[in-house]
Amino acid sequence: MPEFRQNMVSKEWVIIATERAKRPDQFLQKKEGKKALPHYRKDCPFCPGNESMTPPSLFSIEKNGAWSLRVVPNKFAALQNHLTTERKHEGRFLKADGFGIAEVVIESPLHNPTLATMDLEEVRNTVFAYQERYSVLSKTGRIDLVTIFRNYGERAGTSLEHPHSQIIATPIVPPHVRNPLYQSQLACDTFGDCIYCGMMEEERRQQVRVVDETDYFLALCPFASRSPFETRIYPKTHRSSFVNLSGEELADFATVLQNTLRRLHVGLNDPDYNYIIRSAPTEDSNVKYHHWYAVIVPKLTTPAGFEIGTGIYINTTLPEQCAEFLRGVKIG
Ligand SMILES: [Zn+2]
Ligand SMILES: [Zn+2]
């Protein structure tokens, strides 16, 4: 029997189509996997020796006299940082200059590792760089939202092989982010506490969708997952913004992020994915009603007409089965 399930925060519905249900292992990517990459390419703008192909570093981490991570402005950004944030009208239509700040985090000097396979130290450096840049960008005064994300593989929207993530800071909080915030605010007004904290309590009670639990984080396949193997990582202590993590929490986040990506990498043979760190808008960095999280979306299906037309996603797997599958993956 197919069923509708509701995301308790955003109130969005999904259809879990169990009639057409696929077993989690049916999403295993082709046996041969991705083509093996070299550890260095002389035409790669992110490989060492080619620093002149990118703008100068905004932040870097050095080891043994060489960089092990660099953050640089995104040369091909959709937004530019020298414009105004002023809203303008064209007749009844609203517009604004394309102001924003876009940066790239080059996670490793090597061309071929992935977050699932690189040294934990490099993953720690990466999330540390996220926090450093998040902190700087959110203090510029003209930024309302800092979005950190990673596109891995062509299906996820990148053709650049070198391991990297992106940060885009905008002077706009779009409805896609604002609407769940309204809902969580209303829930907090009604029940007096954070709806995400309540959801986690329920997930820990039911256990069936939990993938991993560490000192500070819970990784799970959400009850109303929109697509197969959607996985979210929530801090167990209430925190509305990623910027407020302590050093110890940040190190633990690196571990749980890498382990979750490794479960997907090993279990499904290196699928493409997007992940996004969904933190509160800068003005809400310390509120009771919002709880930040990271969401990993493996690119295993393509939203089609019904999804685009209704916003209701049809998921052909059970989140409970995906969680069970991921829990069972040996990650060494
Ligand atoms: Zn490279
Ligand atoms: Zn909370």
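Everything here concerns the structure above.
This one's a predicted model, so the numbers in the text were calculated from it and none came from an experiment. (Residues numbered from 1 in each chain as written. Chains lettered and ligands numbered in written order. Predicted model: local features only at pLDDT ≥ 70, side-chain atom pairs only at ≥ 80, totals over all residues. Heavy atoms only, no water.)

Points about the nonpolar core
Spelled out, the test is: Here the nonpolar core consists of buried residues drawn from Ala, Val, Leu, Ile, Met, Phe, Trp, Tyr and Cys, with membership extended through side-chain atoms lying within 4.5 Å. Whether a residue is buried, partly exposed or exposed follows from its accessible area with a 1.4 Å probe, protein chains only, as a fraction of its type maximum: under 20%, in between, or over 50%, in that order. To qualify as a helix, a DSSP run of H or I must reach at least 4 residues; to qualify as a strand, a run of E must reach at least 2; elements of each kind are numbered from the N terminus. Residue contacts are counted whenever heavy atoms from the two residues lie within 4.5 Å of one another.
I233, F242, F253 and L257 are the most contacted members of the largest nonpolar core, which has 49 residues in total. With 8 residues, helix 4 (residues 247-268) is the largest single contributor of residues to this core. When neighbours within four sequence positions are excluded, F253 is seen to be in contact with V127, F217, I233, F242, I277, W292 and A294. Within the second largest apolar cluster, 13 residues are counted, among which are V9, M199, M200 and L220.

A look at the sheet that holds strand 4 (residues 66-73)
Note the following rule: Any two strands are treated as partners once DSSP identifies two or more bridges connecting them. Fitted lines through C-alpha atoms give the axes, limited to the stretch in contact for helices. The angle between two N-to-C directions lies from 0 to 180 degrees.
Strand order across the open sheet formed by 10 strands is 3-4-7-9-8-13-14-12-11-10, with antiparallel pairing between neighbours. Pairing within the sheet leaves two strands with one partner each, and these edge strands are strand 3 (59-63) and strand 10 (210-213). On average, each strand axis in the sheet is tilted by 15° relative to the strand beside it, whichever way the strands run. Relative to strand 14 (residues 293-298), strand 12 (residues 231-235) runs antiparallel, the two sharing 3 bridges. Within strand 14, the position partnered with T231 by the bridge is I296.

A look at the pattern of salt bridges
As a reminder of what qualifies: By convention in these notes, a salt bridge is any Lys or Arg side-chain nitrogen within 4 Å of a carboxyl oxygen on Asp or Glu.
The tally for this structure, following the rule as stated, stands at 20 salt bridges. With a shortest N-O distance of 3.0 Å, R209 and E203 are connected by a salt bridge. The salt bridge involving R239 is made with E249; its shortest N-O contact spans 2.8 Å. Residue R239 is found in the loop between strand 12 and helix 4, and its partner E249 is found in helix 4; the two are separated by 10 residues along the sequence. With relative accessibility at 5%, the residue E249 sits in the buried group.

Looking at the coordination of the zinc ion (ligand 2)
Let me state the cut-off plainly: Because no water is among the atoms considered, metal sites can look incomplete, with donors defined as N, O and S atoms within 2.8 Å of the metal, or 3.2 Å for Na, K and Ca. Square planar and octahedral assignments, for four and six donors respectively, both demand that opposite donors be over 155 degrees apart and that all other angles lie between 65 and 115; tetrahedral needs four donors with all angles between 85 and 135 degrees, and anything else is irregular.
Those protein atoms acting as donors to the zinc ion (ligand 2) are C194 (SG), C197 (SG), H238 (ND1) and H291 (ND1), and they sit at 2.1 to 2.3 Å. Metal-centred angles of 106 to 113° between the 4 donor atoms at the zinc ion (ligand 2) mark the site as tetrahedral. Residue class for C194 comes out buried when judged on its relative accessible area of 6%. The exposure class assigned to H238 is partly exposed, which follows from its relative accessible area of 27%.

Remarks on unusual backbone geometry
Comment: phi is negative for the bulk of residues other than glycine, and the bulk of peptide bonds are trans. Even without glycine at this site, N269 takes up a positive phi of about 60°. With respect to the helices and strands, N269 occurs in the loop between helix 4 and strand 13 (273-278). Look at N269 and you get partly exposed, because its relative accessible area is 23%. If you check the backbone angles, D270 has positive phi at about 65° while not being a glycine. With respect to the helices and strands, D270 occurs in the loop between helix 4 and strand 13.

Describing the coordination of the zinc ion (ligand 1)
Taken together, C44 (SG), C47 (SG), H111 (ND1) and H162 (ND1) make up the full set of protein donors to the zinc ion (ligand 1), lying 2.0 to 2.3 Å away. Note that the zinc ion (ligand 1) binds 4 donor atoms; their angles at the metal cover 105 to 116°, and the shape is tetrahedral. Positions of the donor residues of the zinc ion (ligand 1) along the chain correspond to the pattern C-x2-C-x63-H-x50-H. Taken as a pair, H111 in the loop between strand 7 (101-106) and helix 1 (120-138) and H162 in the loop between strand 8 (145-152) and strand 9 (164-170) lie far apart in primary sequence, 51 residues in all. Take H111: its relative accessible area is 2%, and that puts it in the buried class.

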